[in-house]
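Structural overview for review
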Amino acid sequence: SQQGEEDPQALSIQEGENATMNCSYKTSINNLQWYRQNSGRGLVHLILIRSNEREKHSGRLRVTLDTSKKSSSLLITASRAADTASYFCATEAYTGANSKLTFGKGITLSVRP
Amino acid sequence: SAVISQKPSRDICQRGTSLTIQCQVDSQVTMMFWYRQQPGQSLTLIATANQGSEATYESGFVIDKFPISRPNLTFSTLTVSNMSPEDSSIYLCSVDSHYGYTFGSGTRLTVV
(Lines give C-alpha, C1' and ligand atoms only; values in the text may rest on other atoms or scores of the structure.)
Protein backbone atom coordinates (compact mmCIF):
# COMPACT_ATOMS: atom_id res chain seq x y z
CA SER A 1 0.00 0.00 0.00
CA GLN A 2 1.18 3.50 -0.65
CA GLN A 3 2.49 5.40 2.30
CA GLY A 4 3.08 8.91 1.04
CA GLU A 5 0.39 11.08 -0.47
CA GLU A 6 1.54 14.22 -2.20
CA ASP A 7 -0.39 17.35 -2.95
CA PRO A 8 -1.06 19.04 -5.19
CA GLN A 9 -1.15 16.35 -7.87
CA ALA A 10 -0.10 18.88 -10.47
CA LEU A 11 1.54 22.27 -10.19
CA SER A 12 2.23 24.82 -12.91
CA ILE A 13 4.37 27.87 -12.17
CA GLN A 14 6.37 30.53 -13.95
CA GLU A 15 10.13 30.31 -14.11
CA GLY A 16 11.67 32.13 -11.16
CA GLU A 17 8.77 31.38 -8.82
CA ASN A 18 8.99 29.01 -5.89
CA ALA A 19 7.34 25.59 -5.95
CA THR A 20 6.02 23.98 -2.78
CA MET A 21 5.00 20.34 -2.73
CA ASN A 22 3.55 18.52 0.25
CA CYS A 23 3.57 14.91 1.34
CA SER A 24 1.66 13.14 4.07
CA TYR A 25 2.18 9.64 5.36
CA LYS A 26 0.47 7.27 7.74
CA THR A 27 2.87 5.17 9.79
CA SER A 28 6.16 5.56 11.64
CA ILE A 29 9.20 6.14 9.48
CA ASN A 30 12.96 6.22 9.78
CA ASN A 31 13.38 8.82 7.09
CA LEU A 32 11.60 10.52 4.23
CA GLN A 33 13.12 11.06 0.82
CA TRP A 34 12.23 13.11 -2.24
CA TYR A 35 12.93 11.96 -5.79
CA ARG A 36 12.60 13.50 -9.23
CA GLN A 37 11.65 11.62 -12.38
CA ASN A 38 12.01 13.11 -15.84
CA SER A 39 9.74 11.80 -18.60
CA GLY A 40 9.20 8.33 -17.15
CA ARG A 41 12.88 7.60 -16.79
CA GLY A 42 14.84 6.55 -13.72
CA LEU A 43 14.43 8.35 -10.44
CA VAL A 44 17.00 10.77 -9.12
CA HIS A 45 17.44 11.10 -5.38
CA LEU A 46 17.10 14.72 -4.27
CA ILE A 47 17.23 14.82 -0.50
CA LEU A 48 16.77 12.66 2.59
CA ILE A 49 15.54 13.88 5.95
CA ARG A 50 15.71 11.66 9.01
CA SER A 51 12.87 11.31 11.48
CA ASN A 52 14.81 13.29 14.12
CA GLU A 53 15.45 16.20 11.75
CA ARG A 54 13.04 19.03 11.09
CA GLU A 55 14.56 20.88 8.17
CA LYS A 56 17.23 20.33 5.59
CA HIS A 57 18.67 22.31 2.71
CA SER A 58 20.44 21.31 -0.47
CA GLY A 59 21.10 24.03 -3.02
CA ARG A 60 17.70 25.39 -4.12
CA LEU A 61 15.88 22.65 -2.22
CA ARG A 62 14.46 22.96 1.26
CA VAL A 63 12.66 20.07 2.88
CA THR A 64 10.81 20.07 6.19
CA LEU A 65 9.49 17.19 8.23
CA ASP A 66 6.81 17.29 10.92
CA THR A 67 6.55 13.84 12.46
CA SER A 68 3.70 14.89 14.73
CA LYS A 69 1.60 15.71 11.68
CA LYS A 70 3.21 12.98 9.56
CA SER A 71 3.90 15.44 6.81
CA SER A 72 6.76 16.87 4.78
CA SER A 73 7.18 19.67 2.31
CA LEU A 74 9.64 20.23 -0.51
CA LEU A 75 10.36 23.78 -1.57
CA ILE A 76 12.18 24.51 -4.80
CA THR A 77 13.26 28.13 -4.92
CA ALA A 78 13.82 30.19 -8.06
CA SER A 79 12.44 27.45 -10.28
CA ARG A 80 13.83 26.79 -13.73
CA ALA A 81 12.32 25.18 -16.81
CA ALA A 82 14.68 22.25 -16.21
CA ASP A 83 12.87 21.56 -12.91
CA THR A 84 9.88 20.35 -14.93
CA ALA A 85 9.45 16.74 -13.83
CA SER A 86 7.47 14.44 -11.56
CA TYR A 87 8.38 14.56 -7.89
CA PHE A 88 7.82 11.70 -5.46
CA CYS A 89 8.11 11.49 -1.72
CA ALA A 90 9.09 8.12 -0.32
CA THR A 91 9.15 6.92 3.24
CA GLU A 92 11.66 4.42 4.50
CA ALA A 93 10.92 2.10 7.37
CA TYR A 94 13.15 -0.61 8.72
CA THR A 95 11.54 -4.02 9.03
CA GLY A 96 13.87 -6.30 10.92
CA ALA A 97 17.15 -6.52 9.03
CA ASN A 98 15.68 -4.98 5.89
CA SER A 99 14.35 -1.61 4.89
CA LYS A 100 11.50 -0.78 2.61
CA LEU A 101 10.91 2.34 0.56
CA THR A 102 7.28 3.22 -0.11
CA PHE A 103 6.40 5.87 -2.67
CA GLY A 104 3.60 8.38 -2.90
CA LYS A 105 1.63 9.00 -6.07
CA GLY A 106 3.79 11.87 -7.25
CA ILE A 107 3.39 15.51 -8.23
CA THR A 108 3.77 16.76 -11.78
CA LEU A 109 5.57 20.09 -11.81
CA SER A 110 5.57 22.25 -14.92
CA VAL A 111 7.77 25.33 -14.98
CA ARG A 112 6.87 27.72 -17.78
CA PRO A 113 9.79 29.63 -19.29
CA SER B 1 26.79 6.71 -4.82
CA ALA B 2 26.45 3.58 -6.93
CA VAL B 3 25.93 3.70 -10.68
CA ILE B 4 23.46 1.27 -12.24
CA SER B 5 23.33 0.16 -15.85
CA GLN B 6 19.89 -1.18 -16.75
CA LYS B 7 19.05 -2.93 -20.01
CA PRO B 8 17.07 -2.84 -22.19
CA SER B 9 15.83 0.73 -21.98
CA ARG B 10 12.63 -0.19 -23.79
CA ASP B 11 11.02 -3.07 -25.61
CA ILE B 12 7.81 -3.97 -27.38
CA CYS B 13 6.84 -7.60 -26.81
CA GLN B 14 4.15 -9.97 -27.95
CA ARG B 15 1.73 -11.27 -25.37
CA GLY B 16 2.63 -14.68 -24.02
CA THR B 17 6.36 -14.10 -24.32
CA SER B 18 8.90 -13.27 -21.61
CA LEU B 19 11.39 -10.44 -21.21
CA THR B 20 14.47 -10.42 -18.99
CA ILE B 21 15.70 -7.10 -17.64
CA GLN B 22 19.26 -6.76 -16.41
CA CYS B 23 20.83 -4.44 -13.86
CA GLN B 24 24.57 -4.12 -13.35
CA VAL B 25 25.90 -2.11 -10.42
CA ASP B 26 29.41 -0.64 -10.33
CA SER B 27 29.93 -1.71 -6.73
CA GLN B 28 28.98 -4.64 -4.52
CA VAL B 29 25.63 -4.27 -2.82
CA THR B 30 23.81 -6.60 -0.47
CA MET B 31 20.27 -5.96 -1.62
CA MET B 32 18.76 -4.98 -4.93
CA PHE B 33 15.18 -3.89 -5.35
CA TRP B 34 12.84 -4.24 -8.31
CA TYR B 35 9.93 -1.84 -8.87
CA ARG B 36 7.08 -1.55 -11.30
CA GLN B 37 5.60 1.78 -12.38
CA GLN B 38 2.35 1.41 -14.26
CA PRO B 39 1.37 4.21 -16.66
CA GLY B 40 0.75 7.44 -14.78
CA GLN B 41 1.21 5.73 -11.45
CA SER B 42 3.74 5.62 -8.66
CA LEU B 43 6.36 2.98 -8.01
CA THR B 44 5.41 -0.32 -6.45
CA LEU B 45 8.00 -2.66 -4.98
CA ILE B 46 7.96 -6.06 -6.66
CA ALA B 47 10.67 -7.84 -4.70
CA THR B 48 13.93 -7.55 -2.81
CA ALA B 49 16.83 -9.64 -4.10
CA ASN B 50 19.66 -10.75 -1.81
CA GLN B 51 22.68 -12.51 -3.21
CA GLY B 52 22.66 -16.21 -2.48
CA SER B 53 19.04 -16.49 -1.43
CA GLU B 54 15.62 -16.41 -2.98
CA ALA B 55 14.06 -13.05 -3.57
CA THR B 56 11.42 -11.77 -1.19
CA TYR B 57 8.24 -10.83 -3.03
CA GLU B 58 5.69 -8.22 -2.02
CA SER B 59 2.02 -8.95 -1.77
CA GLY B 60 0.50 -9.34 -5.22
CA PHE B 61 3.72 -10.46 -6.90
CA VAL B 62 4.77 -14.08 -7.35
CA ILE B 63 7.96 -15.81 -8.38
CA ASP B 64 6.38 -17.65 -11.30
CA LYS B 65 5.41 -14.37 -12.92
CA PHE B 66 8.50 -12.34 -11.93
CA PRO B 67 11.45 -14.69 -11.43
CA ILE B 68 14.56 -12.91 -10.19
CA SER B 69 18.17 -13.97 -10.30
CA ARG B 70 20.97 -12.59 -8.15
CA PRO B 71 24.10 -14.51 -9.07
CA ASN B 72 26.56 -12.08 -7.44
CA LEU B 73 26.76 -8.81 -5.52
CA THR B 74 26.78 -6.58 -8.60
CA PHE B 75 24.15 -8.08 -10.90
CA SER B 76 20.48 -9.03 -10.96
CA THR B 77 17.84 -9.88 -13.51
CA LEU B 78 14.06 -9.64 -13.44
CA THR B 79 12.01 -11.66 -15.90
CA VAL B 80 8.45 -10.72 -16.77
CA SER B 81 6.89 -14.02 -17.80
CA ASN B 82 3.93 -14.88 -19.98
CA MET B 83 3.27 -11.22 -20.61
CA SER B 84 -0.10 -9.61 -21.12
CA PRO B 85 -0.93 -5.98 -21.99
CA GLU B 86 -1.47 -5.36 -18.25
CA ASP B 87 2.27 -5.85 -17.77
CA SER B 88 2.99 -2.74 -19.82
CA SER B 89 4.91 -0.60 -17.36
CA ILE B 90 8.27 0.85 -16.52
CA TYR B 91 10.41 -1.55 -14.52
CA LEU B 92 13.22 -0.17 -12.39
CA CYS B 93 15.96 -1.66 -10.26
CA SER B 94 17.39 0.12 -7.26
CA VAL B 95 20.10 -0.14 -4.63
CA ASP B 96 20.54 1.51 -1.27
CA SER B 97 23.28 4.13 -1.47
CA HIS B 98 23.12 4.93 2.25
CA TYR B 99 21.98 8.52 1.76
CA GLY B 100 19.13 7.56 -0.50
CA TYR B 101 18.50 5.02 -3.19
CA THR B 102 20.02 4.91 -6.64
CA PHE B 103 17.80 3.80 -9.50
CA GLY B 104 18.48 2.36 -12.90
CA SER B 105 17.24 4.34 -15.88
CA GLY B 106 14.24 2.06 -16.23
CA THR B 107 12.90 -0.37 -18.83
CA ARG B 108 9.78 0.80 -20.62
CA LEU B 109 7.87 -2.33 -21.58
CA THR B 110 4.94 -2.36 -23.98
CA VAL B 111 3.06 -5.62 -24.47
CA VAL B 112 0.97 -5.90 -27.62
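That block above? That's the structure.
In this text, all values refer to a predicted model and were calculated from it rather than measured experimentally.

**Some remarks on the pairing of strand E1 (residues 4-7) of chain B**
Residues and elements named next belong to chain B. Alternating residues of E1 divide into Ile4 and Gln6, all buried, and Ser5 and Lys7, none buried. One ladder, built from four bridges, connects E1 with strand E3 (residues 19-25); its direction is antiparallel. By the bridge assignment for E3, lysine 7 is matched with glutamine 22.

**Thoughts on the side chain of threonine 64 of chain A**
Within the element layout of this structure, threonine 64 of chain A appears in strand E7 (residues 61-66). The residues contacting threonine 64 of chain A, other than those within four sequence positions of it, are Ile49, Arg54, Glu55, Ser71, Ser72 and Ser73 of chain A.

**Let's talk about the interface of chain B and chain A**
One frequently used descriptor of interface size is the decrease in accessible area upon assembly of the parts. Taken residue by residue, the interface counts 20 residues in chain B and 21 residues in chain A. Taken over both partners, the interface formed by chain B and chain A buries close to 1,600 Å², and the fraction arising from carbon and sulfur atoms is 48%. It is Ser42, Tyr101 and Phe103 of chain B that lose the most area in chain B upon contact with chain A, and together they represent 31% of the buried surface on that side. The interface formed by chain B and chain A includes one salt bridge. Between glutamate 58 of chain B and lysine 100 of chain A there is a salt bridge, with the nearest N and O atoms lying 2.6 Å from each other. Viewed at the interface, chain A and chain B are joined by eight residue pairs in polar contact (both at pLDDT 80 or more). The leading source of residues in the side of chain B that touches chain A is strand E4 (residues 31-37) of chain B, at four residues. Partitioning the side of chain B that touches chain A into residue classes produces ten nonpolar, seven polar and three charged.

**A word on the pattern of salt bridges**
Applying the stated criterion across every chain yields a total of five salt bridges over all chains. Among the ionic pairs, lysine 56 of chain A bridges to glutamate 53 of chain A, the shortest N-O distance being 3.9 Å. Classification of lysine 56 of chain A by relative accessible area gives partly exposed; the value is 28%. Classification of glutamate 53 of chain A as partly exposed rests on a relative accessible area of 24%. Where lysine 65 of chain B meets aspartate 87 of chain B, a salt bridge forms, and the shortest distance between an N and an O atom there is 2.6 Å. Of this pair, lysine 65 of chain B sits in the loop between strand E6 (56-57) and strand E7 (68-72) while aspartate 87 of chain B sits in the loop between strand E8 (75-80) and strand E9 (89-96), and the two are 22 residues apart along the sequence.

**Some thoughts on the state of the cysteines**
Residues and elements named next belong to chain B. Applying the stated criterion across every chain, the model contains two disulfides over all chains. Linked covalently through their sulfurs, cysteine 23 and cysteine 93 form a disulfide whose S-S length is 1.8 Å. On the sign convention where negative means left-handed, the S-S torsion of about -90° between cysteine 23 and cysteine 93 marks this disulfide as left-handed. Taken as a pair, cysteine 23 in strand E3 and cysteine 93 in strand E9 lie far apart in primary sequence, 70 residues in all.

Rules used in this analysis
- Residues numbered from 1 in each chain as written.
- Chains lettered and ligands numbered in written order.
- Predicted model: local features only at pLDDT ≥ 70, side-chain atom pairs only at ≥ 80, totals over all residues.
- Heavy atoms only, no water.
- Buried < 20%, exposed > 50% of the residue type's maximum accessible area, 1.4 Å probe, protein only.
- Helix = DSSP H or I, 4+ residues; strand = E, 2+ residues; numbered from the N terminus.
- Pairing = 2+ DSSP bridges.
- Contact = heavy atoms within 4.5 Å.
- Buried area = accessible area lost by both parts, 1.4 Å probe.
- Salt bridge = Lys/Arg side-chain N within 4 Å of Asp/Glu carboxyl O.
- Polar contact = N/O pair within 3.5 Å; in protein donor to acceptor, adjacent residues only side chain to side chain.
- Nonpolar A, V, L, I, M, F, W, Y, C, P; charged D, E, K, R; others polar.
- Disulfide = S-S within 2.5 Å.

The analysis is restricted to geometry; functional conclusions fall outside its scope.
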